[in-house]
Amino acid sequence: MGKDVIIACDFKNTDETVKFLDRLTRIRDEVVRCDDITVGAGRPYVKIGMELFYAEGPVIVKKLKERGHKVFLDLKLHDIPNTVKKAMTVLGEYGVDMVNVHAAGGIEMMKAAKEGLMLGAARYADKPKLIAVTQLTSTDEATLRGQLLIDRPMAEVVRQYALNAKEAGLDGVVCSAFEAADIHEACGEDFLTVTPGIRFDTSSADDQKRVMTPAQAKEAGSDYIVVGRPVTAAEKPIDAYSRCREDFLGR
Ligand code: C5P
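Residues numbered from 1 in each chain as written. Predicted model: local features only at pLDDT ≥ 70, side-chain atom pairs only at ≥ 80, totals over all residues. Heavy atoms only, no water.

Caption draft 1: Quick peek at the environment of Pro128. Note that Pro128 resides in the loop between α5 (107-120) and β5 (129-133). As a C-alpha pair, Pro128 and Leu91 span 37 residues in sequence and 9.8 Å in three-dimensional space. Once you skip the residues sitting within four places of it in the chain, Pro128 turns out to touch Val96, Asp97, Leu117, Met118, Ala121 and Asp171. (Helix = DSSP H or I, 4+ residues; strand = E, 2+ residues; numbered from the N terminus. Contact = heavy atoms within 4.5 Å.)

Rendered as structure tokens:
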């Protein structure tokens, strides 16, 4: 199974994004050529979120794909099944590698999302992964109980949403690395856990509530770590990215 480090490209526009990735890739390519052509070759896997996508539109996906990046399009769809199916068909046509929905939309919506995505991606040999957001990390138990009227512990809700995603035929979920083992136990080892909230130093979390280091996430069984500021805001992004790969992938 393809474990990887995904860089969250939370930049304002294409220019900033490409400039950053150019810097990262040019230097990295040199490192790769000098050391071992097979080690870490290829462009980093990147995540594009709502801000960048809404600012730039589909062209940002096309541009990054042309440059050889794998793209996780993090748009978190949530609507009636028919609408989600049609929207997913469009996203599938872009050639994205990973895309997501909110599990709160229910099993029928997730099944429709998968159908739509596969229709859109019909011409691609490598089919995109479809994953579900279980609960946002900004939602805590007080919000669950007080606003959403869900009177169950967070861990139980996350586990049930992951099981729903599995039943709908999805490939995995976005979750905290703290939940990865529980989700694998419930849904199987092949069910992907994509985990943000990664920091080199767990005492500096920015706005993330619970964080793990890349090495801890590896230990916890994460399949993909999503890393934003620890790489994008690092003084030496190439070193930070290489450290993530080394600690999480061992290469
Ligand atoms: O900069 P940082 O490493 O905190 O970035 C994490 C990325 O993962 C951001 O793009 C954020 O929106 C995303 N994310 C998250 N928590 C979730 C889902 C997505 O941090 N539950």
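Read on, since the account is not over.
Caption draft 2: Spatial organisation of unusual backbone geometry. You will see that Lys76, though not glycine, has its phi angle at about 50°, which is positive. With respect to the element layout, Lys76 can be found in strand β3 (residues 71-77). A positive phi is found at Leu149, a non-glycine position, where the angle reads about 55°. With respect to the helices, strands and loops of the structure, Leu149 is situated in the loop between α6 (141-146) and α7 (154-167). Of the residues examined, Leu149 reaches a relative accessible area of 69% and is grouped as exposed. (Buried < 20%, exposed > 50% of the residue type's maximum accessible area, 1.4 Å probe, protein only.)

Caption draft 3: Up close: the site of the ligand. All residues in the neighbourhood of the ligand are listed as Ala8, Asp10, Lys47, Thr137, Pro196, Arg199, Gln208, Val226, Val227, Gly228, Arg229 and Pro230. In the environment of the ligand, an oxygen atom lies 2.8 Å from a nitrogen or oxygen atom belonging to the backbone of Gly228. Arg229 is positioned such that a nitrogen or oxygen atom in its side chain is 2.7 Å from an oxygen atom of the ligand. When isolated, the ligand has an accessible area of 470 Å², and the protein chains bury 84% of it. According to the grid-proximity analysis, the pocket containing the ligand is the largest pocket. Elements supplying a minimum of two residues to the shell around the ligand: β8 (224-227) and α10 (229-232). Residue composition of the shell around the ligand, grouped by class: 5 nonpolar, 3 polar and 4 charged. (Near = heavy atom within 4 Å. Polar contact = N/O pair within 3.5 Å; in protein donor to acceptor, adjacent residues only side chain to side chain. Areas by Shrake-Rupley, 256 points an atom, 1.4 Å probe, with all protein chains shown as cover. 1 Å grid on protein atoms, 1.4 Å probe; cavity = no way out; pocket = protein on both sides within 12 Å on 5 of 7 lines; lining within 4 Å. Sits in = over half its atoms within 2 Å of the grid points. Nonpolar A, V, L, I, M, F, W, Y, C, P; charged D, E, K, R; others polar.)

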